[in-house]
Amino acid sequence: MFAIRLTELSDKSATWAVPVGPDGPPRLGELDAEVRALIEQTSDAGKAGALTVLPRPVNRPSRVLLVGASTGSESDWRAAGAAAIRAASGDEILEVHLPEGVSGAAVRGLAEGLWLGGYRYRDAPRAARSGEVRLIAANPSAYEESLALARVTAAATWLARDLTNTPSSVKNPEWFAGQIVAAAADKPGLTAKVRSGDELTRFGGLLAVGGGSVSPPRFVELSWQPAGATTHVVLVGKGITFDTGGISIKPRDGMKLMKKDMGGAAAVVAATLGAAELGLPIRVTALTPLAENAVSGSAFRPGDVITHYDGTTSENLNSDAEGRLVLADALAYASEQLAPDLVVNLATLTGANAVALGKRTAALYSPDDDLAAALTAAGEEAGERMWRLPLADDYADNLASDIADRVSAPAGPGSVMAALFLRDFFGDTRWAHLDMSAPSWAEADDQDLTKGATGWGARTLIRYLSQLP
Ligand code: BES
Ligand code: MN
Ligand code: ZN
């Protein structure tokens, strides 16, 4: 990730970004009057994320960009930051001039926008940003903490995007597990345990789904356990490193983005590392069942009955409903072995998520109103939207099977049915499930999102975890 520096010292050889929002324009020294007059004449410059390149009556600085911060909410500032970084080329020095007295939340949003809008895939052929990015403030030290918080959430999102953008020819379960182990190495309080082979005997869903691939499955338990922590949150993430649909094979269009089917695992891992980076005083465990859903002679079949970690069985009706099978084992493991206070599950689980809610909104399920409200609020602040859908009991009978405890792919509304399937495996623990298939990918650059993986969930989880007692 490129550096962002807070400083008092401005430089006229740089490109200046001037926020237009409710805090009023920043002080711009000798250019103050001139730029203020230009802002007056520029309609719409204040819309969130709007970019206006000023004509050049001002000979120096080299360019002046107006960036809209609208009402001054954290998300509006995030949009302003993303607009500014997109307008600056990679070798340009960019200065964002902060209005006097702007809030810490505004600076956090702005910095997140700069980093998120300026994301670049770590293996991209294009050179990394070399131009310095500065936040110009009269009292820079007042904002150091906001900048540090933004750095942690942005770094987590960059990691989640990098993992998700990695091609599946590289990203098999073993590689993904290795990435998690490497990220956890040498950090006191952080440990990563990888299970494979015989250690997975009880993980019947994971073994079935991963059985068709030459790259066998892994189960990773990443743990942040600071001394004295009492609250324990378990985060579970779907980690299908590629989803062909298996024997119930996907049509070609439906398959082409399926390297992203581990976006849930990427987000929970990144959020747990973020919790460690922030030194949060709670215990956080990320569980990631990692498997490739492949087509081969050893693949599991429609009609097969699978025994999960908790000893209950699922009749597989459609090998493309693989996510819930691997998650079932992870959720049962969490409730039996870890007895946490709370479990949050993230998964690119159904195409129905986008049908119901469109491309930028995750579906939230929880029997717990307080937890649902807290996650929604954290998402709102973080700039990641979710919408609560019902655990509609009137469809529960569709789960019935003649030969097992349930079927894997019942009739009914797709995203709701998947949530009803998972519900059994949380035990007595407080829980929430986020179906984030839709917002896990962006078709094009859009404010804080860059084309490709969005890293959805990492930011929300870090915000949520940060406010727990
Ligand atoms: N990984 C897919 C869901 C998905 C679809 C994610 C599109 C992102 C974009 C999941 O494994 C799947 O195939 N779900 C099926 C479930 C069905 C077979 C019950 C679906 O949504 O069609
Ligand atoms: Mn599938
Ligand atoms: Zn899938």
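Here the residue index of a chain counts from 1 through its sequence in written order. Following the order in which they are written, the chains are lettered starting with A and the ligands numbered starting with 1. Side-chain atom pairs in this predicted model are given and counted only at pLDDT of 80 or more, local residue features only at pLDDT of at least 70, and totals for whole chains, interfaces and linings cover all residues. Only hydrogens and water are set aside; all other atoms, that is, all heavy atoms of the structure, feed into the side-chain values.

(A) Summary view of the coordination of the manganese ion (ligand 2). With distances of 2.0 to 2.2 Å, the protein atoms coordinating the manganese ion (ligand 2) are Asp243 (OD), Asp320 (O), Asp320 (OD) and Glu322 (OE). With water excluded from the atoms, a metal site may look incomplete; its donors are any N, O or S atoms within 2.8 Å, or within 3.2 Å for Na, K and Ca. Here the metal geometry follows the donor angles, with tetrahedral for four donors whose angles all fall between 85 and 135 degrees, square planar for four and octahedral for six when opposite donors are more than 155 degrees apart and every other angle is between 65 and 115, and irregular for all the rest. Coordination at the manganese ion (ligand 2) comes from six donor atoms whose angles at the metal span 74 to 170 degrees, giving a geometry best classed as irregular. A gap of 3.2 Å separates the manganese ion (ligand 2) and the zinc ion (ligand 3), which aspartate 243 links by coordinating each metal. Overall, glutamate 322 belongs to the buried group, its relative accessible area being 0%. Three exposure classes are used, based on accessible area relative to the maximum for each residue type with a 1.4 Å probe and protein chains only: buried under 20%, partly exposed in between, and exposed over 50%.

(B) Representation of the packing of aromatic side chains. Two aromatic rings, drawn from Phe, Tyr or Trp (for Trp, its six-membered ring), form a pair once their centres lie within 6.5 Å of each other, and the interplanar angle then sorts them: stacked below 30 degrees, edge-to-face above 60, tilted otherwise. Counted according to the given criterion, the structure contains nine aromatic pairs. An angle of 45 degrees between the planes, with centres 4.6 Å apart, marks the rings of phenylalanine 203 and phenylalanine 219 as tilted. With phenylalanine 203 in the loop between strand 7 (190–195) and helix 6 (204–210) and phenylalanine 219 in strand 8 (residues 218–224), this residue pair connects regions lying 16 residues apart in the sequence. Phenylalanine 203 sits in the buried class, given a relative accessible area of 2%. Measuring from ring centre to ring centre gives 5.5 Å for tyrosine 309 and tyrosine 333, while their planes differ by 80 degrees; the resulting arrangement is edge-to-face. Placement of tyrosine 309 in the loop between strand 12 (305–307) and strand 13 (313–315) and of tyrosine 333 in helix 9 (residues 323–338) is noted, with a sequence separation of 24 residues between them. Residue class for tyrosine 333 comes out buried when judged on its relative accessible area of 5%. Chaining the aromatic ring pairs together yields one cluster made of Phe203, Phe219, Tyr309 and Tyr333. Criterion for a charge above a ring: Lys NZ or Arg CZ within 6 Å of the ring centre, and within 35 degrees of the ring normal. Lying over the aromatic face of phenylalanine 2, arginine 129 brings its terminal NZ or CZ to 5.5 Å of the ring centre. Helix and strand definitions follow DSSP, with helices as H or I runs of at least four residues and strands as E runs of at least two, each counted in order from the N terminus.

(C) How the structure looks around the coordination of the zinc ion (ligand 3). Distances from the zinc ion (ligand 3) to its protein donors, Lys238 (NZ), Asp243 (OD), Asp261 (OD) and Glu322 (OE), fall at 2.0 to 2.4 Å. When the donors of the zinc ion (ligand 3) are listed by position in the chain, the intervening gaps give K-x4-D-x17-D-x60-E. Residue classification places lysine 238 among the buried residues on the basis of a relative accessible area of 2%.

(D) Geometry of the site of ligand 1. Consider each residue's heavy atoms; a residue with any of them within 4 Å of a molecule or strand counts as near. Surrounding ligand 1, one finds 16 residues, the nearest of these being Lys250, Asp261, Asp320, Glu322 and Gly351. Within the side chain of aspartate 320, a nitrogen or oxygen atom sits 2.7 Å from an oxygen atom of ligand 1. Where accessible areas are quoted, they stem from the Shrake-Rupley method and a 1.4 Å probe; at the residue level, only the protein chains shown are allowed to cover. Alone, ligand 1 offers 520 Å² of accessible surface; in the complex the protein occludes 76% of this. Judged by its atoms lying within 2 Å of the grid points, ligand 1 is housed in the second largest pocket. Whenever two N or O atoms come within 3.5 Å, that pair is a polar contact, provided that in protein one can donate a hydrogen and the other can accept it, and provided that, for residues adjacent in sequence, both atoms are side-chain atoms. With a 1 Å grid spanning the protein atoms alone, the term cavity applies to any set of points in which a 1.4 Å probe fits but cannot get out, the term pocket to an open set with protein on both sides within 12 Å along at least five of seven lines, and the term lining residue to any residue with an atom within 4 Å of a point. Here the criterion for a molecule occupying a pocket or cavity is that more than half of its atoms lie within 2 Å of the pocket grid points.

(E) Region of interest: helix 13 (residues 458–466). Burial runs high along helix 13: eight of the nine residues are buried. Among all positions in helix 13, only Ala458, Arg459, Thr460, Leu461, Ile462, Arg463, Tyr464 and Leu465 are buried.

(F) Here's a closer look at the layout of surface pockets. Grid points are joined across faces, edges and corners, and a volume is the space filled by probe spheres set on the points. A volume near 750 Å³ is recorded for the largest pocket. For the largest pocket, the lining is made up of 35 residues, of which Gly118, Tyr119, Arg120, Tyr121 and Trp158 are closest to its centre. If you list the elements that add at least two residues to the lining of the largest pocket, you get helix 2 (74–87), helix 4 (144–165) and helix 8 (263–278). Examining the composition of the lining of the largest pocket, we find that seven residues originate from one element, helix 4, more than from any other. When residues are grouped by polarity, Ala, Val, Leu, Ile, Met, Phe, Trp, Tyr, Cys and Pro land in nonpolar, Asp, Glu, Lys and Arg in charged, and all others, Gly among them, in polar. For the lining of the largest pocket, the residue count by class is 16 nonpolar, eight polar and 11 charged. Each of domain 1 (4–143) and domain 2 (153–466) gives at least three residues to the lining of the largest pocket. The volume enclosed by the second largest pocket comes to roughly 590 Å³. Forming the walls of the second largest pocket are 26 residues, and the residues nearest its centre are Met258, Lys260, Thr350, Gly351 and Ser437. Class assignment for the residues of the lining of the second largest pocket results in eight nonpolar, seven polar and 11 charged. Each domain's limits were defined by an automated method or a database of domain assignments.

Everything listed is a geometric property; what it means functionally is a separate question.
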